[in-house]
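Structural features, examined
Residue-level listing of the chains:
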Amino acid sequence: QVQLVESGGGSVQAGGSLRLSCAASGLTFSRHSMAWFRQAPGEEREFVGVVSRGGSTRYADAVKGRFTISRDNDKKTVYLQMNSLRPEDTAVYYCAAKHTILSNMPGPDTAYDYWGQGTQVTVSS
């Protein structure tokens, strides 16, 4: 049974930082690209970024330069380091996994195979 479990969410003031983690189990982590999405109240789910199997990354324009995605295949964990947080970053953050070939870089419209339950991030002004 595949599980993706996010952690690290919380409340922070604008300008602060948080690091989210997503621990995977039940899948061959190294064969999956890992993505982060977010959903604010009343809004559609939004792509944040993705790290490929090979470690390449892609980000949404809204977070480029502020957020960094990394992965640790030994720990089967993907991270989202969020710096210079803004109130508009407030959302539930989800990680997602997609089985991909090595050269593939998924994106916002990819049909991801697995999703986590989400972790709340609240940024106050």
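Below you will find a few notes about this structure. (Residues numbered from 1 in each chain as written. Predicted model: local features only at pLDDT ≥ 70, side-chain atom pairs only at ≥ 80, totals over all residues. Heavy atoms only, no water.)

This paragraph deals with the side chain of H32. Mapped onto the elements of the fold, H32 is located in strand β4 (residues 32-39). Classification of H32 by relative accessible area gives buried; the value is 5%. Among residues more than four places away in sequence, those in contact with H32 are L27, R53, R71, A97, K98, H99, T100, D113 and Y114. (Helix = DSSP H or I, 4+ residues; strand = E, 2+ residues; numbered from the N terminus. Buried < 20%, exposed > 50% of the residue type's maximum accessible area, 1.4 Å probe, protein only. Contact = heavy atoms within 4.5 Å.)

With that settled, the discussion passes to the pairing of strand β7 (residues 67-72). Burial along β7 is one-sided: F67, I69 and R71 are buried, and none of T68, S70 and D72, which face the opposite way, are. Sheet topology note: the β7/strand β8 (residues 77-82) ladder contains six bridges and is antiparallel. By the bridge assignment, T68 is partnered in β8 with Q81. Turn length for the β7-β8 hairpin, with the two strands adjacent in sequence and antiparallel, is four residues, and the turn residue K76 shows positive phi of about 55 degrees. (Pairing = 2+ DSSP bridges.)

A few words on the sheet that holds β7. Taken in spatial order, the four strands of this open sheet run β1-β3-β8-β7, and their pairing is antiparallel. Only two strands of the sheet have a single partner each, and these edge strands are β1 (3-7) and β7. Strand-to-strand, the axes of this sheet are offset by a mean angle of 15 degrees, without reference to chain direction. (Axes fitted to C-alpha atoms, helices over the stretch in contact; angles between N-to-C directions.)

Attention now moves to the packing of aromatic side chains. Under the counting rule described, the total for this entry stands at four aromatic pairs. Centroid distance F37 to W115: 4.9 Å. Interplanar angle 55 degrees. Geometry classified as tilted. In this pair, F37 is assigned in strand β4 and W115 in strand β10 (residues 114-115), connecting sequence segments 78 residues apart. Taken together, a centroid distance of 6.0 Å and an interplanar angle of 70 degrees make the contact between Y112 and W115 edge-to-face. The exposure class of Y112 is buried, given its relative accessible area of 8%. Ring pairing ties together the aromatic residues F37, F47, Y112 and W115, which thus form one cluster. Sitting over the ring of W115, R45 keeps its end group 3.9 Å from the ring centre. (Phe/Tyr/Trp six-rings, centres within 6.5 Å; stacked < 30°, edge-to-face > 60°. Lys NZ or Arg CZ within 6 Å of the ring centre and 35° of its normal.)

Formed by 33 residues in total, the largest nonpolar core has its most connected members in W36, L80, M82 and Y93. Elements with a minimum of two residues in this core: β3 (18-25), β4, β5 (46-51), β7, β8, β9 (91-99) and β11 (119-124). At five residues, β9 tops the list of elements feeding residues into this core. Setting aside chain neighbours within four positions, we find Y93 in contact with E6, L20, W36, F37, R38, V48, F67, L80, M82, G118, T119 and V121. (Core = buried A, V, L, I, M, F, W, Y, C linked by side-chain atoms within 4.5 Å.)

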